[in-house]
Amino acid sequence: MTTADHSEAPQLPTSRVNFAKSAPKAFRALIGFDAAAREGLDPALVELVQIRASQLNKCAYCLHMHTTDARKAGESEERLHMVAVWEEAAHFFTDRERAALALTEAVTLVAHGGVPDAVYERAARHFAEDELARLLALIFTINTWNRIAISTGKAAGTDER
């Protein structure tokens, strides 16, 4: 098989910890936090946020999972392809989605300059305070999931949930 042949099943690392089995209380707590964050948010928006954070964090496992979930929920291939370049393809997304994506980028890349007031205020114009808090929580959780998947060597395409 050549390196260009992508038909081989993903290889799972054998030496990395299984976080869910080894830290079940922490894993369950994160699942609860994630569920609370999603509550009342538009499922399509949830997937867009998770996709964008996963792209920025280079988490292939989560990116595969959330693009698959978005497709199952009826998201178009066209919009999925535009998430990575949402600022240049603004007409594919609503003002609310763009505000959420901007906040996702700022929080995910917080070490690169914090969360600018303009980005936060833009999101605050589109989300009620309780929604904004849950959106922030969603961004926190996907960043945590990305770090778990990358650190423990989760292979894209396995969707071990």
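Scroll up to find the structure.
Counting restarts for each chain, with residues numbered from 1 along the sequence as it is written. The predicted origin of the model limits local features to residues at a pLDDT of at least 70 and limits the giving and counting of side-chain atom pairs to 80 or more, whereas totals for whole chains, interfaces and linings rest on all residues. Hydrogens and water are ignored here; the side-chain numbers use all heavy atoms of the structure.

Here we come to the pattern of salt bridges. Within this document, salt bridges are pairs made up of a side-chain nitrogen of Lys or Arg and a carboxyl oxygen of Asp or Glu, the two lying within 4 Å of each other. Using the criterion set out here, one finds 8 salt bridges in the structure. We note a salt bridge from R71 to E77, for which the minimum N-O separation is 2.3 Å. With a relative accessible area of 37%, R71 lands in the partly exposed category. Partly exposed residues are those whose accessible area sits between 20% and 50% of the maximum for their type, while under 20% is buried and over 50% is exposed, using a 1.4 Å probe and protein chains only. Among the residues examined, E77 registers a relative accessible area of 36% and is labelled partly exposed. A salt bridge links E97 to R79, with the shortest nitrogen-to-oxygen separation between them at 2.9 Å. One end of the pair, E97, is in helix 6 (residues 95-108); the other, R79, is in helix 5 (residues 77-82), and 18 residues separate them in sequence. In terms of burial, E97 and R79 fall into one category: buried. When salt bridges that share partners are traced, they join E75, R79 and E97 into one network. Helix and strand labels come from DSSP, where a helix needs a run of H or I of at least four residues and a strand needs a run of E of at least two; each type is numbered from the N terminus.

Buried Ala, Val, Leu, Ile, Met, Phe, Trp, Tyr and Cys residues that are joined via side-chain atoms within 4.5 Å together make up what is termed a nonpolar core. Formed by 27 residues in total, the largest nonpolar core has its most connected members in V49, L103, L135 and L138. Elements with a contribution of two residues or more to this core: helix 3 (43-57), helix 6, helix 7 (117-126) and helix 8 (129-151). The contact partners of L138, leaving out residues within four places of it in the chain, are A37, R38, L41, V46, V49 and Q50. L30, A53, C59 and W145 belong to the second largest nonpolar core, which has 10 residues in total. The contact rule is simple, with two residues in contact once any of their heavy atoms fall within 4.5 Å.

Now for helix 8. One less than the number of residues in a helix, times 1.5 Å, gives the span that helix is expected to have. Over its 23 residues, helix 8 extends 33 Å from the first C-alpha to the last, a length consistent with the 33 Å expected when each residue adds 1.5 Å. After helix 8 finishes, the residue G153 shows a positive phi value of roughly 70°.

A few words now on the packing of aromatic side chains. The aromatic pairing rule takes the rings of Phe, Tyr and Trp, using the six-membered ring of Trp, and pairs them if the centres are within 6.5 Å, calling planes under 30 degrees apart stacked, those over 60 edge-to-face and the rest tilted. Applying the stated rule across the entire model yields 2 aromatic pairs. Consider the rings of F19 and F27, whose centres lie 6.2 Å apart with planes at 65°: the pair is edge-to-face. Take F19: its relative accessible area is 24%, and that puts it in the partly exposed class. The interplanar angle of 75° and the centroid separation of 5.5 Å between the aromatic rings of F27 and W145 together place this pair among those described as edge-to-face. Of this pair, F27 sits in helix 2 (residues 24-38) while W145 sits in helix 8, and the two are 118 residues apart along the sequence. The class of W145 is buried, set by a relative accessible area of 18%.

Look at helix 3: 21 Å from first C-alpha to last across 15 residues, which is about the 21 Å you get at 1.5 Å a residue. Taken together, the buried positions of helix 3 are occupied by L45, V46, E47, L48, V49, Q50, I51, R52, A53, S54 and N57. Contacts from the buried residues of helix 3 go to helix 2, helix 4 (60-72), helix 5, helix 6 and helix 8. K58 occupies a position one or two residues after helix 3 and carries a positive phi of about 60°.

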